[in-house]
Structure formats: structure tokens, C-alpha cells
Amino acid sequence: QVQLVESGGGSVQAGGSLRLSCAASELSYLSGWFRQAPGKEREGVAFIYLNSGVTDYGDSVLGRFTISRDNAKKMVYLQMNNLKPEDSAMYYCAASPYHMSPEQALDAKSTEYISWGQGTQVTVSS
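A. Just the pattern of salt bridges, in detail. Per the stated rule, a full pass over the model turns up four salt bridges. Two residues, arginine 35 and glutamate 43, come together in a salt bridge whose shortest N-O distance is 2.9 Å. According to the relative accessible area criterion, arginine 35 is buried, its value standing at 6%. Overall, the relative accessible area of 30% leaves glutamate 43 in the partly exposed class. Among the salt bridges present, the one from aspartate 87 reaches arginine 35, with a minimum N-O distance of 2.8 Å. Pair noted here: aspartate 87 is in the loop between β8 (75-80) and β9 (89-96) and arginine 35 is in strand β4 (residues 30-36), with a separation of 52 residues, a long-range link.

B. Spotlight on the pairing of strand β11 (residues 120-125). A one-sided burial pattern is seen for β11, the buried positions being Thr120, Val122 and Val124 and the unburied ones Gln121, Thr123 and Ser125. Pairing between strand β2 (residues 10-13) and β11: four bridges, direction parallel. Note on β11: the bridge partner recorded for glycine 10 is valine 122. Pairing geometry for β9 and β11, over three bridges, is antiparallel. Looking across to β11, one finds that alanine 89 is bridged to valine 122.

C. Summary view of the nonpolar core. Trp33, Val45, Phe65, Ile67, Leu78, Met80 and Tyr91 are the most contacted members of the largest nonpolar core, which totals 26 residues. Taken together, the elements giving at least two residues each to this core come down to β3 (18-24), β5 (43-49), β7 (65-70), β8, β9 and β11. Top contributing element to this core by residue count: β9, with four residues. Counting residues in hydrophobic clusters, the runner-up holds nine residues, among them Leu30, Phe47, Ala105 and Tyr113.

Procedures and definitions
Residues numbered from 1 in each chain as written. Predicted model: local features only at pLDDT ≥ 70, side-chain atom pairs only at ≥ 80, totals over all residues. Heavy atoms only, no water. Salt bridge = Lys/Arg side-chain N within 4 Å of Asp/Glu carboxyl O. Buried < 20%, exposed > 50% of the residue type's maximum accessible area, 1.4 Å probe, protein only. Helix = DSSP H or I, 4+ residues; strand = E, 2+ residues; numbered from the N terminus. Pairing = 2+ DSSP bridges. Core = buried A, V, L, I, M, F, W, Y, C linked by side-chain atoms within 4.5 Å.

Note that every value here comes from positions in space, so none of it alone points to a role or purpose.
If you want it as C-alpha cells, here you go:
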């Protein structure tokens, strides 16, 4: 099973930026970022196919967040710009060896993600 370790979380004011990193023990087919705020369900943020680099995003982050990867370093990144208080959450990296539709890949309940990291906290103050 792929081991994933997230880093880069922290506290920032609204309008600021953060870059999250996900270090993987080995490459997968697809990697995704998810987030979960207290009292809310886990939400799909973005995903990337590691071979092709094709990406997609949740509606709430489209135009503000960018997912990218460095396969040589086995790293996946999430650049978050123009952060809003509602972006505050624990952010998780996930990996899958399977092809998924965009809907499946942004579904936090998808059983196709077989590896999850421990998460990194992002807090955005107004």
C-alpha cells in the first residue's frame, strides 16, 4: 500500500496563499486532495492523473487552487491562492491505482482510493 505524508498546512489570512505537499512512497495512477472541516463531510478538492497530468477541481476551488505533480520526486502539490475562511479544514492526500471518472475521483467516499495520508491543517482567518 502506498504511504502518503502531507505537509505545508498552517494559518494564513484571507486572500493569502499556501502550498500543500504530498510525499508518496511510490507512484500511483491517480492522486487526489480532499478536505474536511469540523462537522462537515469530507469534500473532494482536486485530482490529477500522474501519467498524463490531466486535472480536475471541485467547484468551490476552481480558479483558485492548482494541483500538480513531480513524478521524479513522487510528490503531489496543491497550490492554494486567494484563500477564504471557508477553505479552513484538514486537507488529505489520497492515491488510487484505478482509473475513475471525474465524479468518482472527487468523491471522498470512493472506495477506489486505497491510500490516505494523515492530513495537514489549514486555517484561514478573516
